[in-house]
Amino acid sequence: MPQLILHHYPSSPFSEKIRLIFGLKKLQWQSVIIPAVMPKPDVVALTGGYRKTPVMQIGADVYCDTALIADVIEALYPAPTLYHEDVGAQARVVAQWADTTLFWTMIPYVFQPAGMQSIFAGVPPEQVQAFANDRKAFRGNAPRMTLAEASGALQVYLQRLEGMLRDGRPYLLGALPTIADFSTYHSMWFIRRGGALASILDPHPRLDNWIEHVRKIGHGQGSELSSAAALAIANEGSHASIGHLQYVDTHGIALGERVRIAATDYGVDPVEGELVVCAANELALRRTDPRAGEVIVHFPRIGFQLSRAG
């Protein structure tokens, strides 16, 4: 089976989502710890500029965004599934809400002074400032919620999640975990890291029990790998088969053209290369890097924009 390489750092919420999916499927994977802030030269060598965390690598294929990463893992290791047939579509809708609306409501709540003190306990002040500066640039002109707005909205969302866990069900959509659980959990996991701010979870005992249920899934079997070794694997590796992916034209751009792909919300650094996949749910381009060699960088269609280079 393919060698799964996750480029991540321990405190990354979206990385926790993928680590737990590895745990659900009891997978062996390799862990490349990357910097939390720029510069990230080895990551950029693989992605061509995309800088969100995490990134998953399989040989000379690089997968960006956890929505696509989860789909790739599911295709390779379909059992136990993240998308149970009776609730699969519902699970995807909840996951997209959790990865966007819930996440960006949670962030201003946790990053108030009390939460920052807990999350960055023992970290030198200059590193905390570097993180703050990096994230300010990372967000760009994306809309921001005030603390008051975020706190009020978060309480409403927690009440709704508590309501989803009715009748003693262990997971959000029933007896078995789905992608909805993993996408929702990573925000709860980060709230718990906020010290006293985690008390916002106290009025929701069913939600707290669910958090423990998901936490105990674990991370599978991860082993350390250096970023240099990962680059060598990309340089020497082969590409996944993409010929079966049906071309879906919504831009009037043909396969083989020089294109740019960029996120539409934040971290909008464009990646440039030759378009090789334009499918219903996926975009991908081929690019060459002096250290990583020829790589194919994959993105989900939702949340990203495609344009001709130049």
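Everything numeric here is computed off the predicted structure, so don't read it as measured data.

1. Details of the nonpolar core
Logical step 1: Counting residues in each nonpolar core, the largest one holds 64 residues, and the members touching the most others are F22, M56, M188, L207 and W210.
Logical step 2: At ten residues, the largest contribution of residues to this core is made by helix α4 (residues 88–110).
Logical step 3: When near neighbours in sequence (up to four residues on either side) are disregarded, M188 contacts L102, L158, L161, L201, L207, W210 and I211.
Logical step 4: In this structure, I253, I261, V295 and F299 belong to the second largest nonpolar core, which totals 23 residues.

2. Comments concerning the sheet that holds strand β6 (residues 258–263)
Logical step 1: The strand order across the open sheet built from ten strands is β5-β2-β1-β3-β4-β9-β8-β7-β6-β10, with neighbouring strands paired in mixed fashion. Pairing within the sheet leaves two strands with one partner each, and these edge strands are β5 (221–224) and β10 (304–308). Between one strand axis and the next, the sheet turns through 35 degrees on average, direction left out of account.
Logical step 2: Along the sheet, helix α1 (residues 13–24) makes contact with β1 (5–8), β2 (28–33) and β3 (55–58), crossing β1 at roughly 155 degrees.

3. Describing unusual backbone geometry
Logical step 1: Cis geometry marks the peptide bond from T53 to P54, where omega comes out at 5 degrees.
Logical step 2: When you line up the elements, P54 lands in the loop between α2 (41–47) and β3.
Logical step 3: A cis amide bond links A79 to the next residue, P80, at an omega of -10 degrees.
Logical step 4: Checked against the element boundaries, P80 lands in the loop between α3 (66–76) and α4.
Logical step 5: Although it is not a glycine, K26 adopts a positive phi angle of roughly 55 degrees.
Logical step 6: Checked against the element boundaries, K26 lands in the loop between α1 and β2.

Definitions and limits used
Residues numbered from 1 in each chain as written. Predicted model: local features only at pLDDT ≥ 70, side-chain atom pairs only at ≥ 80, totals over all residues. Heavy atoms only, no water. Core = buried A, V, L, I, M, F, W, Y, C linked by side-chain atoms within 4.5 Å. Buried < 20%, exposed > 50% of the residue type's maximum accessible area, 1.4 Å probe, protein only. Helix = DSSP H or I, 4+ residues; strand = E, 2+ residues; numbered from the N terminus. Contact = heavy atoms within 4.5 Å. Pairing = 2+ DSSP bridges. Axes fitted to C-alpha atoms, helices over the stretch in contact; angles between N-to-C directions.

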